[in-house]
Amino acid sequence: MTEFFQSLGMTYDWAWFTATIAGILLIALPLMLAVAMIIYVDRKVWAAMALRRGPNVVGPWGLLQSFADGLKVFLQETIIPSAANKGLFLIAPIITFTVALLAWAVIPFNSGAVLADINVGLLYVLAISSLGVYGVVIAGWSSNSKYPFFSAMRASAQMISYEVSIGFILICVVLWAGSFNLREIVEAQRAHVSIINGFVANPLLFPMWVMFLISGMAETARAPFDLTEAESELVAGYQTEYSSMSFALYWLGEYANVLLMCALNAVLFWGGYLPPLDIPVLYLVPGWLWLFAKIFFFFFVFSWVKATVPRYRYDQLMRLGWKVFLPVSLGFVVLVSGYLMFTRYGA
């Protein structure tokens, strides 16, 4: 894209700057639209699971319901509790929303279609996703209310617990792909097992995908791991004291994070922008369509689980993270590295 703007007569510096801004907008604006529509899809899936109709009044088939909800919260008054730390109270949802967008910079939408094709893309995603907990913790502390504070403590413990196992799971992927670059990880999955594109067909990596999917639900605080906003215990968790657009930013950030986890499932284990099978005719479909189809499938799985699986108790959540996922993922790091040493490197 930089070359295109240079062809219009711009200097390299201005062409690079304009191309970067254009790339950010090409990702951020469709992502915001996708978040609005994915909330609608989420509600429709829940309704179907409960034999209800879901949103069906605002716009054709209820498609404009999310935009009506957005307009409603935009017009509401922003109420700040008198005992809250006003500066931190207002900046917390901005942190959550911004961090949710930043990680998309390294997601490859097609071969060569990535905003920042950096060699440490996976480390970048891990670092950025780890910052998301700050928005929740700051919100819980700055609200100066006990329920948000309890929620913030739960969120920090939950996210740290599952990030440890996610780290070991990703080590297995990096060992097999031989790179931290997300585009190279996708390319390493081409015809990985026979004609199947994706690490998910690998017997050593399939269990890692299952654990990554479940850990992703816990990392994004989705049901059945939504202990941070358990309404029967914490009213609305860290969002209890929020209203208007500050509340909406948390919703947007939450769904952007869910979409990011769906994208990472697709990129790391299901071949990303590659078709499911390494058959020439399937490559006629653009890569970004394959990626979006996989993201949509995983989002349906997230909604399906939320609509059907009851919420875990907190002790069960911690036990799953520390006593099951951590030792199993660590064991698979040993298995995968040992297998690669004997087969790939001839040790």
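Here's what I pulled together on the structure shown here. Being a predicted model, the structure only gives us computed values, none of them experimental.

What about the overall build of the protein?
No. 1: Scanning the protein from terminus to terminus reveals twelve helices and zero strands.
No. 2: Seen in sequence order, the protein has helices and strands lined up from the N terminus as α-α-α-α-α-α-α-α-α-α-α-α.
No. 3: Relative to the 2.2 N^0.38 estimate, which gives 20 Å for 347 residues, the radius of gyration of the protein is 21 Å and therefore close to what a compact globule would have.
No. 4: Over its C-alpha atoms, taken along the principal directions, the protein stretches across nearly 65 × 60 × 45 Å.

Brief notes about the layout of surface pockets
No. 1: As a volume, the largest pocket reaches approximately 720 Å³.
No. 2: Lining the largest pocket are 24 residues, and of these Leu26, Ile27, Pro30, Phe109 and Phe292 lie nearest its centre.
No. 3: In terms of residue count, helix α2 (residues 12-49) provides more of the lining of the largest pocket than any other element does, twelve residues in total.
No. 4: Roughly 530 Å³ of internal volume is contained in the second largest pocket.
No. 5: Taken together, 24 residues form the lining of the second largest pocket, with Ile39, Ser66, Asp69, Gly70 and Val73 sitting closest to its centre.
No. 6: In terms of residue class, the lining of the second largest pocket is made up of 16 nonpolar, five polar and three charged.

Details of helix α3 (residues 65-75)
No. 1: Along α3, the residues classified as buried are Gln65, Ser66 and Val73. Angular distribution of buried residues about the axis of α3 spans 100 degrees; they occupy a single face of the element. Among the exposed residues of α3, those pointing more than 90 degrees away from its buried face are Leu71, Phe74 and Leu75.
No. 2: Elements in contact with the buried residues of α3: α2 and α10 (244-269).

As for empty space enclosed by the protein
No. 1: A full pass over the atoms with the stated rule returns three cavities of 30 Å³ or more.
No. 2: Taken as a whole, the largest cavity spans an internal volume of roughly 250 Å³.
No. 3: Those elements that place two or more of their residues in the lining of the largest cavity are α4 (86-102), α5 (121-142) and α10.
No. 4: No other element matches the six residues that α10 contributes to the lining of the largest cavity.
No. 5: Taken together, the residues of the lining of the largest cavity sort by class into ten nonpolar, six polar and three charged.
No. 6: Computed from the structure, the second largest cavity encloses a volume of approximately 80 Å³.

What to know about the nonpolar core
No. 1: Formed by 70 residues in total, the largest nonpolar core has its most connected members in Trp104, Leu182, Phe212, Leu268 and Phe269.
No. 2: When residues of this core are assigned to their parent elements, the largest contribution, 13 residues, is made by α10.
No. 3: Apart from the residues lying within four places of it in its own chain, the contact partners of tryptophan 104 are Ile27, Leu31, Phe109, Ala256, Leu259, Leu260 and Ala263.
No. 4: Formed by twelve residues, the second largest nonpolar core is a distinct cluster that contains Phe89, Ala92, Val136 and Ile138.

Concerning the side chain of serine 179
No. 1: With respect to the secondary-structure elements, serine 179 resides in the loop between α6 (146-177) and α7 (182-187).
No. 2: Not counting chain neighbours up to four residues away, the residues in contact with serine 179 comprise Val174, Glu184 and Ile185.

Considering a nonpolar patch on the surface
No. 1: Together, Met10, Tyr12, Trp14, Trp16, Phe17, Ile21, Ile24, Leu25, Leu29 and Leu115 give the surface a local cluster of nonpolar side chains, amounting to about 1,000 Å² of exposed area.
No. 2: Mapped onto the fold, methionine 10 is located in the loop between α1 (2-7) and α2.

Re the packing of helix α8 (residues 206-219) against helix α12 (residues 314-343)
No. 1: Relative to each other, α8 and α12 sit at 150 degrees, their axes nearing to 11 Å. Judged on the interaxial angle alone, α12 and α8 are roughly antiparallel. Crossing of α8 over α12 shows left-handed handedness. Here Pro207, Met208, Met211, Ile214 and Ser215 of α8 lie close against α12, whose contacting residues are Leu320, Phe325, Val328, Ser329 and Phe332.

Focus on unusual backbone geometry
No. 1: The phi torsion at leucine 51 lies on the positive side, around 60 degrees, for a residue other than glycine.
No. 2: With respect to the secondary-structure elements, leucine 51 resides in the loop between α2 and α3.
No. 3: For leucine 51, a relative accessible area of 82% puts it in the exposed group.
No. 4: Residues other than glycine seldom take positive phi values, yet tryptophan 61 does so here, at roughly 60 degrees.
No. 5: Among the structural elements, tryptophan 61 can be located in the loop between α2 and α3.

Comments concerning the packing of aromatic side chains
No. 1: If you walk through the whole model with that rule in mind, you get 20 aromatic pairs.
No. 2: Plain terms: the ring middles of tyrosine 162 and phenylalanine 225 are 6.2 Å apart, the flat faces sit at 45 degrees to each other, and that makes the pair tilted. Highlighted residues: tyrosine 162 in helix α6 and phenylalanine 225 in the loop between α8 and α9 (231-234), separated in sequence by 63 residues. For the pair tyrosine 162 and phenylalanine 225, one class covers both residues: buried.
No. 3: A ring pair is formed by tryptophan 176 and tyrosine 339, whose centres lie 5.5 Å apart and whose planes are at 15 degrees; its orientation type is stacked. One end of the pair, tryptophan 176, is in helix α6; the other, tyrosine 339, is in helix α12, and 163 residues separate them in sequence.

Some words on α6
No. 1: The first and last C-alpha atoms of α6 sit 46 Å apart over 32 residues, in line with the 46 Å expected at 1.5 Å per residue.
No. 2: Among the residues trailing α6, glycine 178 stands out with phi positive, at a value near 75 degrees.

Rules behind the numbers
- Residues numbered from 1 in each chain as written.
- Predicted model: local features only at pLDDT ≥ 70, side-chain atom pairs only at ≥ 80, totals over all residues.
- Heavy atoms only, no water.
- Helix = DSSP H or I, 4+ residues; strand = E, 2+ residues; numbered from the N terminus.
- Rg over C-alpha atoms; globule rule 2.2 N^0.38 Å.
- 1 Å grid on protein atoms, 1.4 Å probe; cavity = no way out; pocket = protein on both sides within 12 Å on 5 of 7 lines; lining within 4 Å.
- Points joined across faces, edges and corners; volume = space filled by probe spheres on them.
- Nonpolar A, V, L, I, M, F, W, Y, C, P; charged D, E, K, R; others polar.
- Buried < 20%, exposed > 50% of the residue type's maximum accessible area, 1.4 Å probe, protein only.
- Arc of directions from axis to C-beta.
- Contact = heavy atoms within 4.5 Å.
- Core = buried A, V, L, I, M, F, W, Y, C linked by side-chain atoms within 4.5 Å.
- Patch = residues over 30% accessible without salt bridge, like charges linked within 9 Å, V, L, I, M, F, W, Y side chains within 5 Å.
- Areas by Shrake-Rupley, 256 points an atom, 1.4 Å probe, with all protein chains shown as cover.
- Salt bridge = Lys/Arg side-chain N within 4 Å of Asp/Glu carboxyl O.
- Axes fitted to C-alpha atoms, helices over the stretch in contact; angles between N-to-C directions.
- Parallel < 35°, antiparallel > 145°, perpendicular 65-115°, else oblique.
- Left-handed = near helix turned anticlockwise from the far one by under 90°.
- Phe/Tyr/Trp six-rings, centres within 6.5 Å; stacked < 30°, edge-to-face > 60°.
- Expected span 1.5 Å × (residues − 1).

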